[in-house]
Amino acid sequence: MYPSRFKYESPKSIDEAIAFLTKGSGEAKILAGGMSLIPMMKLRFASPETLIDISNIPNLNYHLADSDGTFRIGALCTHADLERSSILAQHQPTLAATAPLVADPIVRTRGTFVGSVCHADPQGDWSSAMIALDGSIVAQGPKGRRTIAVRDFVTGPFQNALASDEIAVEAVIPPAKGTRAGGYLKLERRIGDFATVGVAVALELSGASVIRAGIGLTGVGSSTINAIDAAQSLVGSALTSQAIERAADLAAQAAQPRSDHRGSATYKRQVVRTFVARILTEVSSNQVKAA
Amino acid sequence: MTSLYEEVRGDNSEEVPTRVVTVRVNGVSVSAKVEPRLLLAHFIRQGLRLTGTHVGCDSSNCGACTVLLDGQPVKSCSMFAVQADGHEVMTVEGLSSASELHPIQEGFKDEHGLQCGYCTPGMMLTAKALLDENLNPTEDEIRWALSGNLCRCTGYQNIVKAVLWAAEKMRAQAGK
């Protein structure tokens, strides 16, 4: 399969990339790892006139924590980089649990975190984790930079809030006020398949008490779902079995799954409930162990 | 310089964009003028006539087209040749020397790690990337590393055995 013909540019700086985007007037696309875009171009779901390959722009492949705890992921940081990251393993339990479940190992060596969030596939894993963590995307355009919360950034299936002359340069996760806990669970028919259901939970704890919670749902709606009521129900109390059950029920209610070859809507809703409860129960039992 | 045009002849309605790429393939530097939409898999197979790289699903699912780009496994059906410009590619043809099989190839032979053989080049290259990083992988780590490569003959047991065999031989060679 061949994609339709396109012009190829490989800028050496972000400014140059933005200039190509401006020149492309809406018909140019940014190419990073290409693990979503290239298959879509081969199927001719996407036919950009110009591809702007940002892989030769220096200093975009990073992930680091600022001194205040803000976590930043550069536009060229791959899933594999994150999977192997000791910073992630130590400080970002939700992201660390997500990284090894994205696509398959070969795709993870090329695909990028920021690209995956921009692709805004309702079955993309990272958007759920970012929503749970209240993360943002930093967009840069001719007029400078702006920060867009991922809950506003993902505007629909395969749609994001970037203007046609803006490039997503970085993902940002705000610092935690408490101790981070959480996880990501995904049901897939085989490795590399799209998620039948994915659940991301990000908590901040102070002692036994939850002081912040976020829950993102993958694959159970026309776009990533922010299960805000379920998350809010956890804040201010300990992770008792009643609290866990209530949050799991509320998350299942927030899901909008459709019956398809991967499972019935009822089944998927039940998996959401189970996964939320499973992650929260594990956090709670780790608390008991630590105490 | 080889000129690579696919589906272009007879189509003069628009100017065809091209780009010169230089890629080091199995240790040899190759330059070619290509259309940006030329996939790396086709550059390797049709341009360089290295047909050991197989195209299976053509949609980034099966891993048959896996090659190593700067030592890391990539699906060459889901990458453009222009993206490999300035990089190093290893295909299955680069595994063996003129006289000797690579231990991974020997392992696949000895442990019957292939049936139809279609997935084998991709399997072996992914295994190479794993063994380059970890000469003593567990069976679990091998299965995990190969989880992006599908075998429709479902010969996974022997594929895993073949990689374990190769790891042992490579450890012995390295004196570890």
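Residues numbered from 1 in each chain as written. Chains lettered and ligands numbered in written order. Predicted model: local features only at pLDDT ≥ 70, side-chain atom pairs only at ≥ 80, totals over all residues.

1. Some details on the overall build of chain A
Right, on to step 1. Scanning chain A for helices and strands turns up 12 helices and 14 strands.
Right, on to step 2. For chain A, the spread of C-alpha atoms along the three principal axes comes to 55 × 45 × 30 Å.
Right, on to step 3. Per-residue burial over chain A gives 54% buried out of 291 residues.
Right, on to step 4. Nonlocal contacts in chain A, meaning residues at least 24 apart in sequence, comprise 65% of its contacts between residues at least 6 apart. (Helix = DSSP H or I, 4+ residues; strand = E, 2+ residues; numbered from the N terminus. Buried ≥ 20, exposed ≤ 12 C-beta atoms within 10 Å, placed from the backbone. Contact = placed C-beta atoms within 7 Å.)

2. A closer look at the overall build of chain B
Right, on to step 1. Counting secondary structure elements, chain B contains five helices and six strands.
Right, on to step 2. N-terminal to C-terminal, the α/β element order of chain B is β-β-β-α-β-β-β-α-α-α-α.
Right, on to step 3. Its C-alpha radius of gyration of 17 Å places chain B within 12% of the 16 Å reference for a compact globule of 176 residues.
Right, on to step 4. Dimensions of chain B, computed from C-alpha atoms along their principal axes, come out at roughly 60 × 30 × 25 Å.
Right, on to step 5. Across the 176 residues in chain B, those meeting the buried criterion constitute 45%.
Right, on to step 6. Here the contacts in chain B between residues at least 6 apart in sequence split such that 62% fall between residues at least 24 apart. (Rg over C-alpha atoms; globule rule 2.2 N^0.38 Å.)

3. Describing the domain arrangement of chain B
Residues and elements named next belong to chain B.
Right, on to step 1. Taken domain by domain, chain B consists of domain 1 (2-94) and domain 2 (103-174).
Right, on to step 2. Between the C-alpha centres of domain 1 and domain 2 the distance comes to 25 Å.
Right, on to step 3. Taken residue by residue, the interface counts 16 residues in domain 1 and 13 residues in domain 2.
Right, on to step 4. When residues of the side of domain 1 that touches domain 2 are traced back to their parent elements, those giving at least two are strand E4 (66-69) and strand E5 (72-75).
Right, on to step 5. Here the element with the most residues in the side of domain 1 that touches domain 2 is E4; it accounts for three residues. (Domains from an automatic or database assignment.)

4. Quick look at the environment of Gly 216 of chain A
Residues and elements named next belong to chain A.
Right, on to step 1. Within the secondary structure layout, Gly 216 lies in strand E13 (residues 209-218).
Right, on to step 2. Linking Gly 216 and Asp 125, residues 91 residues apart in sequence, is a C-alpha distance of 9.2 Å.
Right, on to step 3. Every residue in contact with Gly 216, bar those within four places of it in the chain, is listed here: Ser 127, Ser 128, Ala 129, Ile 131, Ala 132, Ala 200, Thr 224, Ile 225 and Asn 226.

5. Observations regarding the packing of helix H11 (residues 241-254) of chain A against helix H12 (residues 265-290) of chain A
Residue and element names in this part refer to chain A.
Right, on to step 1. With their axes 8 Å apart at the nearest point, H11 and H12 run at an angle of 150 degrees to one another. Overall, the two elements H11 and H12 adopt an arrangement that is roughly antiparallel. Judged by the twist between their axes, the crossing of H11 over H12 is right-handed. Taking contact as the criterion, the partners of Ile 244, Glu 245, Ala 247, Ala 248, Asp 249, Ala 251 and Ala 252 in H11 are, on H12, Arg 269, Val 272, Arg 273, Val 276, Ala 277, Leu 280, Thr 281 and Ser 284.
Right, on to step 2. Among the residues making up the contact of H11 with H12, the classes are represented as nine nonpolar, two polar and four charged. (Axes fitted to C-alpha atoms, helices over the stretch in contact; angles between N-to-C directions. Parallel < 35°, antiparallel > 145°, perpendicular 65-115°, else oblique. Left-handed = near helix turned anticlockwise from the far one by under 90°. Nonpolar A, V, L, I, M, F, W, Y, C, P; charged D, E, K, R; others polar.)

6. As for the interface of chain B and chain A
Note on interface size: it is often stated as the accessible area lost on association of the parts.
Right, on to step 1. With 23 residues of chain B at the contact, the number on the chain A side is 22 residues.
Right, on to step 2. Examining the composition of the side of chain B that touches chain A, we find that four residues originate from one element, E5 of chain B, more than from any other.

7. Quick notes on the packing of helix H2 (residues 103-110) of chain B against helix H3 (residues 120-133) of chain B
All names here are of chain B.
Right, on to step 1. Interaxial distance between H2 and H3 falls to 10 Å at its minimum, and their mutual angle equals 130 degrees. The orientation of H2 with respect to H3, classified from their angle, is oblique. Both H2 and H3 take part in a crossing whose hand is right-handed. For the pair H2 and H3, contact is made by Ile 104, Gln 105 and Phe 108 and by Thr 120, Met 124, Ala 127 and Lys 128, respectively.
Right, on to step 2. Split into classes, the residues belonging to the contact of H2 with H3 amount to four nonpolar, two polar and one charged.

8. So, the pairing of E13 of chain A
Residues and elements named next belong to chain A.
Right, on to step 1. Most of E13 is tucked away: seven of the 10 residues are buried.
Right, on to step 2. Both strand E12 (residues 197-206) and E13 contribute to a ladder of nine bridges, which runs antiparallel. Among the inter-strand pairings, Ser 206 is bridged to a residue of E13, identified as Ser 209.
Right, on to step 3. Connecting E12 to the antiparallel partner E13 that follows it, the hairpin turn spans two residues, and Gly 207 within it adopts a positive phi of roughly 65 degrees.
Right, on to step 4. Alignment of E13 against strand E14 (residues 225-226), held across two bridges, turns out to be antiparallel. (Pairing = 2+ DSSP bridges.)

9. Here we look at the sheet that holds strand E3 (residues 50-53) of chain A
Residue and element names in this part refer to chain A.
Right, on to step 1. Spatial ordering of the open sheet is given by E1-E3-E2, a layout of three strands whose pairing is parallel. Among the strands making up the open sheet, the edge pair consists of strand E1 (7-9) and strand E2 (28-31). Adjacent strand axes in the sheet meet at a mean angle of 25 degrees, parallel and antiparallel pairs treated alike.
Right, on to step 2. Bridge analysis of E1 against E3 gives three bridges, and the strand direction is parallel. When the sheet's bridge partners are listed, Lys 7 is paired in E3 with Thr 50.

10. With respect to the sheet that holds E14 of chain A
Residue and element names in this part refer to chain A.
Right, on to step 1. The strand order across the open sheet built from four strands is E11-E12-E13-E14, with neighbouring strands paired in antiparallel fashion. Single-partner strands in this sheet number two, and they are strand E11 (179-187) and E14.
Right, on to step 2. Its contacts with the sheet put H12 on E11, E12 and E13, and the angle it makes with E12 is roughly 30 degrees.

11. Looking at the nonpolar core
Most often, soluble globular proteins have nonpolar side chains that are buried together.
Right, on to step 1. Residues Val 199, Ile 215, Ala 251, Val 272 and Val 276 of chain A are the most contacted members of the largest nonpolar core, which totals 141 residues.
Right, on to step 2. Setting aside its immediate chain neighbours within four residues, Ile 215 of chain A contacts Ala 132, Ala 200, Val 201, Ala 227, Ala 230, Ala 231, Ala 251 and Val 276 of chain A. (Core = buried A, V, L, I, M, F, W, Y, C linked by C-beta atoms within 7 Å.)

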